[in-house]
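Letter by letter, the chains look like this.
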Amino acid sequence: MEYTYKYPRPSVTADCVVISNEPQPKVLLIQRGAEPFKDCWAFPGGFMNMDETTEECAIRELEEETGLKVSVVHQIGAYSKVDRDPRGRTITVAYLAIIDSPAPVKGQDDAAKAEWFPITELPQLAFDHDDIITDAVRAYAKNVEL
């Protein structure tokens, strides 16, 4: 018998911020191919499957949308502003992946493009990704020092 929960449940997504570990770091972004925020830049990410963790979701979405494979990610935080996603109540868990240098990427799945941007020259970002990049840069600085 399946249990029916009487309270509304939010959707869960995971985003992956990839930053290169070089003197002038670069950040990997995708250009969204669909609404909401069609044609805007965002971090690779998407909705979690029922049989995966948010970490697995972030790694899977990164590969599906850019072709980039990573195996180690560090959790940056959870983002739950009520209005962060116009599609409905959505909570995202963001992860950071640090790689040595920008690898070849290609927009795939629902990403129209995938490109590397200098960390100091990012375009306007979709959703609440400005909040996420602020925290990601802080986490990146701590991890690179190790």
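This text follows the structure it describes.
Please read all numbers here as calculations on a predicted model, not as lab measurements. (Residues numbered from 1 in each chain as written. Predicted model: local features only at pLDDT ≥ 70, side-chain atom pairs only at ≥ 80, totals over all residues. Heavy atoms only, no water.)

Structural notes on the pattern of salt bridges
By the definition in use, this model includes 10 salt bridges. Note that K26 and E22 form a salt bridge whose closest N and O atoms lie 3.6 Å from each other. The shortest N-O distance in the salt bridge between R60 and E61 comes to 3.1 Å. It is possible to trace a salt-bridge network through shared partners that takes in E52, R60, E61 and E64. (Salt bridge = Lys/Arg side-chain N within 4 Å of Asp/Glu carboxyl O.)

Side note on the packing of aromatic side chains
According to the stated counting rule, one finds two aromatic pairs in the structure shown. Between W41 and F117, the ring centres sit 4.9 Å apart and the planes meet at 75°, which makes this aromatic pair edge-to-face. Note that W41 is positioned in strand 3 (residues 41–42) and F117 in strand 7 (residues 111–118), a separation of 76 residues in sequence. For the pair W41 and F117, a shared accessibility class is recorded, and that class is buried. (Phe/Tyr/Trp six-rings, centres within 6.5 Å; stacked < 30°, edge-to-face > 60°. Helix = DSSP H or I, 4+ residues; strand = E, 2+ residues; numbered from the N terminus. Buried < 20%, exposed > 50% of the residue type's maximum accessible area, 1.4 Å probe, protein only.)

Here we look at the pairing of strand 6 (residues 90–99)
Most of strand 6 sits out of view: eight of its 10 residues are buried. As paired elements, strand 1 (residues 11–20) and strand 6 share 10 bridges and run parallel to each other. Counterpart to I19 in the pairing with strand 6 is I98. Two elements, strand 5 (residues 74–79) and strand 6, share five bridges in a ladder whose sense is antiparallel. Residue pairing in the sheet places H74 in a bridge with L96 of strand 6. (Pairing = 2+ DSSP bridges.)

Some remarks on helix 1 (residues 54–66)
Given a rise of 1.5 Å per residue, 13 residues ought to cover 18 Å, and the 18 Å separating the end C-alpha atoms of helix 1 matches this to within 8%. When we look at burial in helix 1, the residues that qualify are T54, C57, A58, R60, E61, L62, E65 and T66. On the buried face of helix 1, the contacting elements are strand 1, strand 2 (26–32), strand 4 (45–47), strand 6 and strand 7. Of the residues one or two after helix 1, G67 is the one with positive phi, at around 85°. (Expected span 1.5 Å × (residues − 1). Contact = heavy atoms within 4.5 Å.)

Some points on the nonpolar core
Counting residues in hydrophobic clusters, the biggest one holds 18 residues, and the most contacted among them are C16, V18, L28, L62, L68 and V70. Counting only elements with at least two residues in this core, the list comes to strand 1, strand 2, helix 1, strand 6 and strand 7. For this core, the element with the highest residue contribution is strand 6, accounting for four residues. Contact partners of C16, with chain neighbours within four places excluded, come to F43, P44, A58, L62, V73, Y95 and A97. Of all hydrophobic cores here, the second largest spans 17 residues; its members include L29, A94, I133 and A136. (Core = buried A, V, L, I, M, F, W, Y, C linked by side-chain atoms within 4.5 Å.)

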